Amino acid sequence: MNLILWIAAGMLAAVALASGLLKLCVPKAKLAAAKGGGWAADVSGGFVKTLGVLEVMAAAGLILPAVSGVAPFLVPVTAICWVLLMIGAMITHGRRSEAPLMLVNLVYLALAAFIAWGRLGPERFVA
């Protein structure tokens, strides 16, 4: 179970890092023109950058506390925060009638919920 949780955290961290860096490095107009990025046209550039920062922080929070042994309780906390972020993403895509993107967000939400459950329950990090 511990290995599966590590793999799940690594996969979710990779998604969060890639998505966050995309939001931080790609201009808002180009992001809004990309497939699935239409939501960016409806929000400020600052909001897009803030999401990017949060996603990069999530990537770090899913891996670094456990690897370093410093505050490993932050891994499930980060996973719970990711669940909340994905709920917001699903609402946004739902309002735009983008069902396929809602399903992608649902998969990420389920992965994060699994990590939170696993790290708060059966496979806690022992200090």
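Further up the page is the structure itself.
Figured I'd write up the structure that's included with this text.

Cut-offs and rules
Per-chain numbering applies: the sequence of each chain, read as written, is numbered from 1 onward. Thresholds applied to this predicted model are a pLDDT of at least 70 for local features of residues and 80 or more for the giving and counting of side-chain atom pairs; totals over whole chains, interfaces and linings are not thresholded and use all residues. Values shown for side chains rest on all heavy atoms present in the structure; no hydrogens or waters enter the calculation. Strands here mean DSSP runs of E at least two residues long; helices mean DSSP runs of H or I at least four residues long; both are numbered from the N terminus. When we talk radius of gyration, it's over C-alpha atoms, and the globule rule is simply 2.2 Å times the number of residues to the 0.38. Relative accessibility decides the category of a residue: with a 1.4 Å probe and only protein chains considered, values under 20% of the type maximum give buried, values over 50% give exposed, and everything between is partly exposed. Contact definition: two residues touch when any of their heavy atoms are within 4.5 Å. Surface accessibility follows the Shrake-Rupley procedure with a 1.4 Å probe radius. Residue values consider only the protein chains on display as shielding. Working convention for charge: Lys and Arg count positive, Asp and Glu count negative, and His plus the chain ends are omitted. For charged residues, the charge sits on one atom: NZ in Lys, CZ in Arg, CG in Asp, CD in Glu. What we call a nonpolar core is a set of buried Ala, Val, Leu, Ile, Met, Phe, Trp, Tyr and Cys residues that are connected through their side-chain atoms within 4.5 Å. A cavity here means a set of 1 Å grid points, computed over protein atoms only, where a 1.4 Å probe fits but cannot escape. A pocket is an open set with protein on both sides within 12 Å along at least 5 of 7 lines, and lining residues have an atom within 4 Å of a point. Grid points are joined across faces, edges and corners, and a volume is the space filled by probe spheres set on the points. Every case where a carboxyl oxygen of Asp or Glu lies within 4 Å of a side-chain nitrogen of Lys or Arg is listed as a salt bridge.

Some points on the overall build of the chain
Each helix and strand counted, the chain has five helices and zero strands in total. Along the chain, from the amino end to the carboxyl end, the secondary structure elements read α-α-α-α-α. Its C-alpha atoms give the chain a radius of gyration of 15 Å, near enough to 14 Å, the size a compact globule of 127 residues would have. Among the 127 residues that make up the chain, the fraction classed as buried is 36%. For the chain, restricting intrachain contacts to residue pairs at least 6 apart in sequence, the fraction spanning at least 24 positions comes to 64%. Within the structure as shown, the chain displays about 7100 Å² of accessible surface, and the carbon and sulfur contribution to it stands at 75%. For the chain, the separation between the mean place of its 9 positive charges and that of its 4 negative charges on side chains is 4 Å.

Brief notes about the nonpolar core
Formed by 21 residues in total, the largest nonpolar core has its most connected members in Leu 12, Ala 79, Trp 82, Ala 112 and Ile 115. Contacts of Ile 115, omitting those with residues within four sequence positions, involve Leu 5, Ala 8, Ala 9, Leu 12, Val 75 and Ala 79. Counting residues in each nonpolar core, the second largest holds seven residues, with Ala 32, Trp 39, Ala 40 and Leu 51 among its members.

Description of empty space enclosed by the protein
Taken as a whole and judged by the stated rule, the model has one cavity of 30 Å³ or more. Considering only enclosed or pocket space, the largest cavity measures out at about 30 Å³ in volume. Lining the largest cavity are Leu 5, Trp 6, Ala 9, Leu 62, Ala 66, Val 75, Arg 119 and Phe 125. Looking at the lining of the largest cavity, the elements with two or more residues in it are helix H1 (2-25) and helix H3 (45-68). The element best represented in the lining of the largest cavity is H1, accounting for three residues.

Some points on the pattern of salt bridges
Across all of its chains, the model carries three salt bridges by this definition. In this structure, the salt-bridge partner of Glu 55 is Lys 23, at a minimum N-O distance of 3.1 Å. Taken as a pair, Glu 55 in helix H3 and Lys 23 in helix H1 lie far apart in primary sequence, 32 residues in all. Glu 55 gets classed as buried once you look at its relative accessible area, which sits at 5%. The residue Arg 96 makes a salt bridge to Asp 42 at a minimum N-O spacing of 2.8 Å.

Some details on unusual backbone geometry
You will see that Ala 71, though not glycine, has its phi angle at about 55°, which is positive. Here Ala 71 is to be found in the loop between H3 and helix H4 (74-95). On the basis of relative accessible area, Ala 71 is assigned to the partly exposed category, the value being 25%.

By themselves, these are just geometric observations and shouldn't be taken as functional.
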